[in-house]
Amino acid sequence: NAGVTQTPKFRILKIGQSMTLQCTQDMNHNYMYWYRQDPGMGLKLIYYSVGAGITDKGEVPNGYNVSRSTTEDFPLRLELAAPSQTSVYFCASSFGQQIEQYFGPGTRLTVT
Amino acid sequence: AQKVTQAQTEISVVEKEDVTLDCVYETRDTTYYLFWYKQPPSGELVFLIRRNSFDEQNEISGRYSWNFQKSTSSFNFTITASQVVDSAVYFCALSSGGRDDMRFGAGTRLTVKP
């Protein structure tokens, strides 16, 4: 099992560019999550999904979009990158609600 | 509303010392779950423990122990005889009321010096 994989590991974007952060899990988990981690701020939930075809907003969804067409994949899209989106992004998955989540290695994104 | 407070931003200890990381939570729900995660320098978060609100028994796993007290809304984590490999950022998290999401504290950076 590879667990949760994320690509790319690092990325630098110019203001206004767009990109997609990829996330794949091979544990057949129904629940998937996207978090951002800013220095000293802990993790904040951007979007989550409870199954293929179902997504919902988290605490900080503005500026992001997601889709969940398969159980395995949960890409995060940034349409018009802004410096405020400079952060480390983590994807996670879990088998169900309110149980432990398994995290990917993260993507460090810088917007300049 | 859910909230998790980890008041200790950074802690530094010398190897073999015991150290306690504090976690205070807020929720109006009677059913909730508390978690601790470790984020080593490599960056990936690693699950350590999950505790539900109806189980106040303390738990010990090797050098790690957790003290859950509903009366003070705290779920503290103690590392006994700390080692350099324990150096990491530790996060406390809360999921309550049948919600699908989890709220994380800001984290405590633990440095264990040899």
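Residues numbered from 1 in each chain as written. Chains lettered and ligands numbered in written order. Predicted model: local features only at pLDDT ≥ 70, side-chain atom pairs only at ≥ 80, totals over all residues. Heavy atoms only, no water.

1. Points about the pattern of salt bridges
Inclusion rule: The salt bridge definition used is simple: a Lys or Arg side-chain nitrogen within 4 Å of an Asp or Glu carboxyl oxygen. Think of it in three bands: residues with accessible area under 20% of the maximum for their type are buried, residues over 50% are exposed, and the middle band is partly exposed, with areas taken using a 1.4 Å probe on protein chains only.
In total, this model carries seven salt bridges over all chains according to the counting rule given. Taking the shortest distance from any N to any O, the salt bridge between Arg77(A) and Glu79(A) comes out at 3.2 Å. Given the relative accessible area of 39%, Glu79(A) is considered partly exposed. Residue Arg51(B) pairs with Asp55(B) through a salt bridge whose shortest N-O separation is 3.7 Å. Of the residues examined, Arg51(B) reaches a relative accessible area of 5% and is grouped as buried. Given the relative accessible area of 27%, Asp55(B) is considered partly exposed. Each of Lys44(A), Glu59(A) and Arg103(B) takes part in one network of salt bridges that share partners.

2. Side note on the layout of surface pockets
Note the threshold: Buriedness for pockets is judged along seven lines, at least five of which must meet protein on both sides within 12 Å for an open set on the 1 Å grid over protein atoms alone, while cavities are sets there where a 1.4 Å probe fits but cannot get out, and lining residues have an atom within 4 Å of a point. Grid points are joined across faces, edges and corners, and a volume is the space filled by probe spheres set on the points. Secondary structure follows DSSP: runs of H or I at least 4 residues long count as helices, runs of E at least 2 residues long count as strands, and numbering of each begins at the N terminus. Following the grouping adopted for this structure description, the nonpolar residues are Ala, Val, Leu, Ile, Met, Phe, Trp, Tyr, Cys and Pro, the charged ones are Asp, Glu, Lys and Arg, and the polar ones are all others, Gly among them.
For the largest pocket, the calculated volume is near 750 Å³. Along the wall of the largest pocket there are 37 residues; nearest its centre are Gln37(A), Arg108(A), Gln39(B), Val89(B) and Arg109(B). Among the elements of the structure, β9 (87-94) and β11 (107-111) of chain A together with β10 (88-96) and β12 (108-113) of chain B are those that each provide at least two residues to the lining of the largest pocket. Taken together, Met41(A), Leu43(A), Lys44(A), Glu59(A), Gln2(B), Lys3(B), Val4(B), Arg103(B), Phe104(B), Gly105(B) and Ala106(B) make up the lining of the second largest pocket. Of all elements in the fold, only β5 (43-51) of chain A together with β1 (3-5) and β11 (103-104) of chain B reach the threshold of two or more residues within the lining of the second largest pocket. Per-class residue counts for the lining of the second largest pocket are five nonpolar, two polar and four charged.

Any functional reading would require information beyond the geometric quantities listed.
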